[in-house]
Amino acid sequence: MLGLERRDLTILIAVAVITLFAPIILNPFPTGSALAQFNAGYPDLMQRFVIFGIFAIGFNILFGLTGYLSFGHAAFLGIGSYSAVWMFKLLSMNVIPAILLSIVMAGLFALVIGFVSLRRSGIYFSILTLAFAQMSYNLAYSVLTPVTNGETGLQITLSDPRILDGESSGLPVTSLFGAEMRDTTTLFVGPWSWDFSVGYYFCAALMLVAFYISVRIFRSPFGMMLRAVKSNQQRMNYTGLNSRPYTLAAFVISGMYAGLAGGLLAAMDPLAGADRMQWTASGEVVLMTILGGAGTLIGPVLGAGFIKYFENIFSKINDGILHQWFAFMPDGLENFVVAVIHPFIGKGWHLTLGIMFMLVVIFLPGGLVEGASRVGRVFRRRDRKADHVESDAARQRAAAE
Amino acid sequence: MDAILIQILNGLDKGSAYALIALGLTLIFGTLGVVNFAHGALFMIGAFCAVTLQKLLTLSVTTIDPERTDFLGNPLKVQTPYVENWFGPEVGGTIVDWAVPLAILLAIPVMLLVGFVMERGLIKHFYKRPHADQILVTFGLAIVLQEIVKYFYGANPIPTPAPDAFRGSLDIGVWLGFDPYAIIYPYWRLVYFFFAGVIIAAVFAFLQFTTFGMVVRAGMADRETVGLLGIDIDRRFTLMFGLAAVVAGLAGVMYTPILSPNYHMGMDFLVLSFVVVVVGGMGSLPGAVLAGFLLGILQSFASMNEVKSLLPGIDQIIIYLVAIVILLTRPRGLMGRRGVMEE
């Protein structure tokens, strides 16, 4: 179905089901309970999950398949945001034209930047993309202020033309043919409350499309070519293939993904600032992809969700909450435990993230996905040992011979 | 003419910092073949050595002086640093005043230790891994180091003044026959420039004129052969990593009066230093120094008003622009050696 193998189809359906029921799944704790702060099921955060999921999926098409490590992908995110906000200002508050423009603009920039940067590989490529992104960031901050509104960031105002929309009272909101992005229906079931927001489902639908496309790319002959670039570019060139069109195509596609993510960020909240292009933002998408598992289908989405959850939930834990948790301990021990954990929570969540990232790179180069499959393998092996000790022994004998 | 001289001088201090950091980066790259994204963090740790020493020296004991009163009429509380109590106000005051240069003595052992621990504990395991992995793990390490410093010192910049003797500016223009006040240059920046010069000269002399340096240079050229000759090259390279850490740390210590240290200063310098290394040529020490000064001076020229009105925004992008042009026209950088990092 959909031109996918059965295994990929299962993954796609699983992702679809999870995103569909995310507002419920991410709110496992009743409102008002002590653990309610671990609920991630509010629209703002869920939108970020899927939007950065798209960003990471796109980055993975470049890094995961070709091995080219770009340190400047946030530039495309920023370009997407700026173009979307301009569309809101000039044409209409409908999100469709805005997102289309942001994809196209990001694609064009990616074409130019990729054309230049891909002349070099390895660390030089990383530095070139970093240089381009920092240039865009610096320009957006200073000279391009008429276009980007400098430090304040680009916002919609009442006096914008908005040709298609006509007059409106008050600041208009982004919408999809009348369905406002910020519309939220809250469902109360017993002690639980679940928010279903239009914006989230719009982003989720686009993420599913993006995910589907990336699965198709991974399984296509084009994807095979990209993998060939990663495993041995020299040999590929010797067989008479020019690798540059393939890498450029991958770069542009991943740039368009980033543009889409940027456009969606603006569609959920119509403002765009230069800090979206800073190299720390580029570093973040690298973290997401590696943490989840570069080169795997589901990894980047996992990584994006993981980091965004961390950023929003972990950073909210404070000492008071810790004292609550460890209240069962004797006082001295409780204070000691809280003091030990203190640097890693709240404002210190970056520290935890950094340590975790290092551990993943050192011990699990395949990211969380590899971790999961390793755990899975251990369990499967144990099952097999219990069930077919003999056939296993036979296989080993065969392997030995 | 004097305007051009001013810009060259202005470029020198930034250029010195770039050159020192890039020197360490390229030293690590040339010897160990590791791309160290945590090098900016080493620069930052150096700067915080100065902050730490300053804080230690100004640790004070509070005494009550019954003879004087504060503005509320209560007896005045006087804070005297312990140092002044021990050595007398004269000598003690001078020691506190000279905290930044003294921090060099603290920074050298600290940076050596940090360098050794980093190399033996982490980097060692990444020699055989791809460059992307090295970048990623050192990037993670940089985040961790940065956050640790932030935890202990807070997020705000901490002012660390230069010694009194070096405050104020020097009127260089008079020496060269210009009008007074035509070319004015702060003393400390001059000190920084000479300091950078001394460090760079020392590193080069060490590599050029000692047996140890000769072995290291041989190892940089052909590691395998040196190993086959029965020389434990790994141990020497570890020492070079420590040396590179010291260079970065000292660059940080002396930079504190120019820029109040904050926890993300390392990252800010790192990006530019990488560009400097690439422009100079990966693994080339003279290239790193040359490119550092060149880019520093170019940047200060680009921020002249005349240039800015001609090409708006050029001061923001000049370094990156130069890097892009150089990478595309001279892939090996200005002075890159053949066969280093070529795919």
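Residues numbered from 1 in each chain as written. Chains lettered and ligands numbered in written order. Predicted model: local features only at pLDDT ≥ 70, side-chain atom pairs only at ≥ 80, totals over all residues. Heavy atoms only, no water.

By the naming in an unreviewed UniProt entry, chain B is Branched-chain amino acid ABC-type transport system, permease component, taken from Limimaricola pyoseonensis. Its UniProt record, at the heading Sequence similarities (unreviewed entry), says of chain B: "Belongs to the binding-protein-dependent transport system permease family. LivHM subfamily." Within the UniProt record for chain B, the comment given under Subcellular location (unreviewed entry) is "Cell membrane". (UniProt positions renumbered as here; feature names shortened; annotations may be inferred.)

In the annotation of an unreviewed UniProt entry, the entry for chain A reads ABC-type branched-chain amino acid transport system, permease component, and the organism field reads Limimaricola pyoseonensis. Taken directly from UniProt, the Subcellular location (unreviewed entry) text for chain A runs: "Cell membrane".

Novice: Looking at this model, I keep getting lost on a nonpolar patch on the surface. Mind explaining?
Specialist: All names here are of chain A. A cluster of nonpolar side chains, contributed by Ile13, Val17, Ile18, Leu20, Phe21 and Ile25, occupies part of the molecular surface with about 530 Å² of accessible area. Per element, the largest residue contribution to the nonpolar patch is four residues, and it comes from helix 1 (residues 6-20). Relative to the elements of secondary structure, isoleucine 25 occurs in helix 2 (residues 22-25). The class of isoleucine 25 is partly exposed, set by a relative accessible area of 45%. (Patch = residues over 30% accessible without salt bridge, like charges linked within 9 Å, V, L, I, M, F, W, Y side chains within 5 Å. Areas by Shrake-Rupley, 256 points an atom, 1.4 Å probe, with all protein chains shown as cover. Salt bridge = Lys/Arg side-chain N within 4 Å of Asp/Glu carboxyl O. Helix = DSSP H or I, 4+ residues; strand = E, 2+ residues; numbered from the N terminus. Buried < 20%, exposed > 50% of the residue type's maximum accessible area, 1.4 Å probe, protein only.)

Novice: How should the pattern of salt bridges be read in this particular structure?
Specialist: Side chains that differ in charge, positive against negative, can pair when their charged atoms come close. Counting across every chain of the model gives nine salt bridges over all chains. We note a salt bridge from aspartate 8 of chain A to arginine 219 of chain A, for which the minimum N-O separation is 2.6 Å. Of the two residues, aspartate 8 of chain A sits in helix 1 while arginine 219 of chain A sits in helix 8 (residues 198-219), which places them 211 residues apart along the sequence. Exposure remark for aspartate 8 of chain A: the relative accessible area of 3% places this residue in the buried category. The shortest N-O distance in the salt bridge between glutamate 147 of chain B and lysine 150 of chain B comes to 3.7 Å. Of this pair, glutamate 147 of chain B and lysine 150 of chain B both sit in helix 5 (residues 131-153), three residues apart, which is roughly one turn of the helix.

Novice: It is not clear to me how the pairing of strand 2 (residues 75-81) of chain B should be interpreted in this structure. Could you clarify?
Specialist: Residues and elements named next belong to chain B. Pairing of strand 1 (residues 60-69) with strand 2, which is carried by seven bridges, proceeds in the antiparallel orientation. Bridging across to strand 2, threonine 69 finds its partner in proline 75. Taken together, strand 1 and the strand that follows it, strand 2, pair antiparallel across an intervening segment of five residues, in which glycine 73 is found at a positive phi of about 95°. (Pairing = 2+ DSSP bridges.)

Novice: Quick question: what am I supposed to make of the UniProt feature "transmembrane region" (unreviewed entry) in chain B here?
Specialist: Residue and element names in this part refer to chain B. Those residues carrying the UniProt feature "transmembrane region" (unreviewed entry) are residues 17-35, 42-64, 98-123, 190-216, 237-258, 270-298 and 310-329 in this numbering. Helix makes up 88% of residues 98-123 and strand makes up 0%, while its end C-alpha atoms are separated by 35 Å. The annotated region residues 237-258 carries 86% helix and 0% strand content, and the separation between its end C-alpha atoms amounts to 32 Å.

Novice: Looking at this structure, how should I read the interface of chain B and chain A?
Specialist: A common measure of how large an interface is: the accessible area buried when the components associate. The interface of chain B with chain A comprises 38 residues on the first partner and 38 residues on the second. In this assembly, chain B packs against chain A so that about 3,500 Å² is buried in total across both faces, 82% of it on carbon and sulfur atoms. Scanning the region where chain B abuts chain A turns up zero salt bridges. Here chain B is connected to chain A by two residue pairs in polar contact (both at pLDDT 80 or more). For the side of chain B that touches chain A, the element with the most residues is helix 5 of chain B, which contributes 14 residues. Tallied by class, residues from the side of chain B that touches chain A come to 30 nonpolar, three polar and five charged. (Contact = heavy atoms within 4.5 Å. Buried area = accessible area lost by both parts, 1.4 Å probe. Polar contact = N/O pair within 3.5 Å; in protein donor to acceptor, adjacent residues only side chain to side chain. Nonpolar A, V, L, I, M, F, W, Y, C, P; charged D, E, K, R; others polar.)

Novice: Got a minute to help me understand the packing of aromatic side chains in this structure?
Specialist: Two measures describe an aromatic ring pair: the distance that separates the ring centres and the angle between the ring planes. Summed over the entire model, instances satisfying the criterion amount to 26 aromatic pairs over all chains. Ring geometry for phenylalanine 52 of chain A against phenylalanine 55 of chain A: centres 6.3 Å apart, planes inclined by 55°, an arrangement best described as tilted. Separated by three residues within a single helix, phenylalanine 52 of chain A and phenylalanine 55 of chain A lie in helix 3 (residues 43-66), roughly one turn from each other. With respect to burial, phenylalanine 52 of chain A and phenylalanine 55 of chain A carry one shared label: buried. Aromatic pair tyrosine 255 of chain B and phenylalanine 269 of chain B: ring centres 5.3 Å apart, planes at 80°, arrangement edge-to-face. Here the residue tyrosine 255 of chain B occupies a position in helix 10 (residues 233-255), and phenylalanine 269 of chain B occupies one in helix 11 (residues 265-280), the gap between them amounting to 14 residues. Pairwise contacts between aromatic rings join Tyr18, Phe43, Tyr192, Tyr255 and Phe269 of chain B into one cluster. (Phe/Tyr/Trp six-rings, centres within 6.5 Å; stacked < 30°, edge-to-face > 60°.)

Novice: Explain the packing of helix 4 (residues 74-90) of chain A against helix 10 (residues 244-268) of chain A here, please?
Specialist: Helices that pack against each other are described as a pair by the angle of their axes relative to one another and the distance between those axes. Residues and elements named next belong to chain A. Two elements in contact, helix 4 and helix 10, have axes whose closest approach is 7 Å; the angle formed by their N-to-C orientations is 50°. With respect to helix 10, the element helix 4 is oriented oblique. In this structure, helix 4 meets helix 10 at a crossing whose hand is right-handed. Within the contact between the two elements, helix 4 uses Phe76, Leu77, Gly80, Ser81, Ala84, Val85 and Phe88 and helix 10 uses Phe251, Gly255, Ala258, Gly259, Ala261, Gly262, Gly263, Leu265, Ala266 and Ala267. Here the residues of the contact of helix 4 with helix 10 sort into eleven nonpolar, six polar and no charged. (Axes fitted to C-alpha atoms, helices over the stretch in contact; angles between N-to-C directions. Parallel < 35°, antiparallel > 145°, perpendicular 65-115°, else oblique. Left-handed = near helix turned anticlockwise from the far one by under 90°.)

Novice: Got a minute to help me understand the confidence of the model for chain B in this structure?
Specialist: Reading predicted coordinates in detail is not appropriate for stretches of low pLDDT. When the pLDDT values of chain B are averaged, the result is 84; 98% of them are 70 or greater. For chain B, helix 6 (residues 172-175) of chain B is the element with the lowest average pLDDT, namely 73, and helix 2 (residues 39-57) of chain B is the one with the highest, namely 91. (pLDDT = per-residue confidence, 0-100.)

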